[in-house]
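Spelled out, the chains give:
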Amino acid sequence: MKRRMMGSALALTMACSMLAGIAANAAESNLLEEIKEKGTIVVGTSATNAPWESIDEDGNYVGYDMDLINEIASRMGVEVEIQDMAFDALVAAVQTGKVNVAIASMGAKEERKEKVDFTQMYHQQMNVYIAQKGSDIEITDMGDIVNYNVGVQSGTLPDQFITEQVDNGLMKESQVSRYEAPENMILDLEAGRTDVVAGDKNQAKDYEKKYNVEIIFECSFYGTGENIAVPKEQPELLEELDSIIDDLREEGFLDELAAKWEVD
């Protein structure tokens, strides 16, 4: 009996040591080194958001964010592998390691910062309300939106702002339509199934060219901008990305991208 108890205690000690070792190895994991050793950075995006990220007629990922991440990867000495997915799946993809980073005109809102880290802002974001051309809808303040039926893309900052209006009792949940694909949001606006769409200014400028819609109000819901999402506890990768963004800003590369993609 004593021998069996000693054997059990030894087995338990060994198991604990193994778990501690695994935890230590996980804590010491350096994603930047792994990316450089592999020679590829796996990037999550949601390619339905021109001019930031979309897919051209030849099946290529194009846009401001795509040019930016390709330039960053080039300076890191690695290739880019794109994983396209729904916008509201990106943070979880970074958090679980499905992708190394995510770039998709994403703001560093507090809810997301609880799950992932973010690089410095590489562009200041503006938001807008969009209505049908010739609409008699007049909005002079962000809060006026509570008087209308609103469309938003799920998981975005506009979605968060509109949801807050519902949570605060200022509008009803039945006034809000949420979409995974932003194009469907605009089609419903054109068809009169919603009154107003809350979205990103530069995305809206693209819609103005393609659909019978127009920007009727500009604002910034949270004063945030575009950032790259990075897993938590990866300071080396975060520092590398921030350093490269600093260089690109100083060299005028970010200004060139803004001019190329007509991003304000």
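That block above? That's the structure.
Residues numbered from 1 in each chain as written. Predicted model: local features only at pLDDT ≥ 70, side-chain atom pairs only at ≥ 80, totals over all residues. Heavy atoms only, no water.

Trainee: Would you explain the pairing of strand β9 (residues 150-153) in this entry?
Mentor: Successive side chains on a regular strand alternate, one facing one side of the sheet and the next facing the other. The side-chain alternation of β9 yields two buried faces, one formed by V150 and V152 and the other by G151 and Q153. Note that β9 and strand β10 (residues 176-179) share four bridges and pair parallel. When the bridges of β10 are listed, V152 appears paired with R178. Crossover handedness for the path β9 to helix α6 (residues 157-167) to β10: right-handed. (Buried < 20%, exposed > 50% of the residue type's maximum accessible area, 1.4 Å probe, protein only. Helix = DSSP H or I, 4+ residues; strand = E, 2+ residues; numbered from the N terminus. Pairing = 2+ DSSP bridges. Right-handed = clockwise from strand over helix to strand, strands pointing away.)

Trainee: What is the right way to read unusual backbone geometry from this model?
Mentor: Note: most residues except glycine have negative phi, and most peptide bonds are trans. Cis peptide bonds are those with omega within 30 degrees of zero, and the linkage from A50 to P51 qualifies with 5°. Among the secondary structure elements, P51 is positioned in the loop between β1 (40-45) and β2 (54-55). A positive phi angle is found at E233, which is not glycine, with a value near 60°. Inspection of the secondary structure puts E233 in the loop between β13 (225-230) and α9 (235-250). Owing to a relative accessible area of 64%, E233 belongs among the exposed residues under this scheme. Of note in this structure, E262 is not a glycine but carries a positive phi near 55°. Looking at where E262 falls in the secondary structure, it is placed in the segment after α10 (253-260).

Trainee: It is not clear to me how the sheet that holds strand β8 (residues 127-132) should be interpreted in this structure. Could you clarify?
Mentor: Two pairing modes exist for strands in a sheet, parallel and antiparallel, and in both the strands are linked by backbone hydrogen bonds. Reading across from one edge, β10-β9-β11-β8-β12 is the order of the five strands in this open sheet, with mixed pairing throughout. Unpaired on one side and paired on the other, β10 and β12 (213-219) mark the two borders of the sheet. Going across the sheet, the axis of each strand differs from the next one's by a mean of 30°, ignoring polarity. Sheet analysis places β8 next to strand β11 (residues 196-200), joined by four bridges and oriented antiparallel. (Axes fitted to C-alpha atoms, helices over the stretch in contact; angles between N-to-C directions.)

Trainee: What's the story with a negative patch on the surface in this structure? I'm lost.
Mentor: Taken together, the side chains of E33, E34, E37, E236 and E239 define an acidic patch exposed on the protein surface. Those elements that provide at least two residues to the negative patch are α2 (31-38) and α9. Among the elements that take part in the negative patch, α2 stands out by supplying three residues, more than any other. Within the secondary structure, E34 sits in helix α2. Judged by its relative accessible area of 41%, E34 is partly exposed. (Patch = residues over 30% accessible without salt bridge, like charges linked within 9 Å, V, L, I, M, F, W, Y side chains within 5 Å. Areas by Shrake-Rupley, 256 points an atom, 1.4 Å probe, with all protein chains shown as cover. Salt bridge = Lys/Arg side-chain N within 4 Å of Asp/Glu carboxyl O. Lys, Arg positive; Asp, Glu negative; His and termini not counted. Charge placed at Lys NZ, Arg CZ, Asp CG, Glu CD.)

Trainee: When you look at the nonpolar core in this model, what are you seeing that I'm missing?
Mentor: As a rule of thumb, nonpolar side chains are buried together in soluble globular proteins. One finds I72 and M76 to be the most contacted residues of the largest nonpolar core, which totals 31 residues. If you list the elements that add at least two residues to this core, you get α2, β1, α3 (64-76), β5 (101-106), β13, α9 and α10. Not counting residues up to four positions away in its chain, the partners in contact with M76 are L32, I35, K36, I41, L237, E240, L241 and I244. Counting 18 residues, the second largest nonpolar core, distinct from the first, contains V150, V196, F217 and F221. (Core = buried A, V, L, I, M, F, W, Y, C linked by side-chain atoms within 4.5 Å. Contact = heavy atoms within 4.5 Å.)

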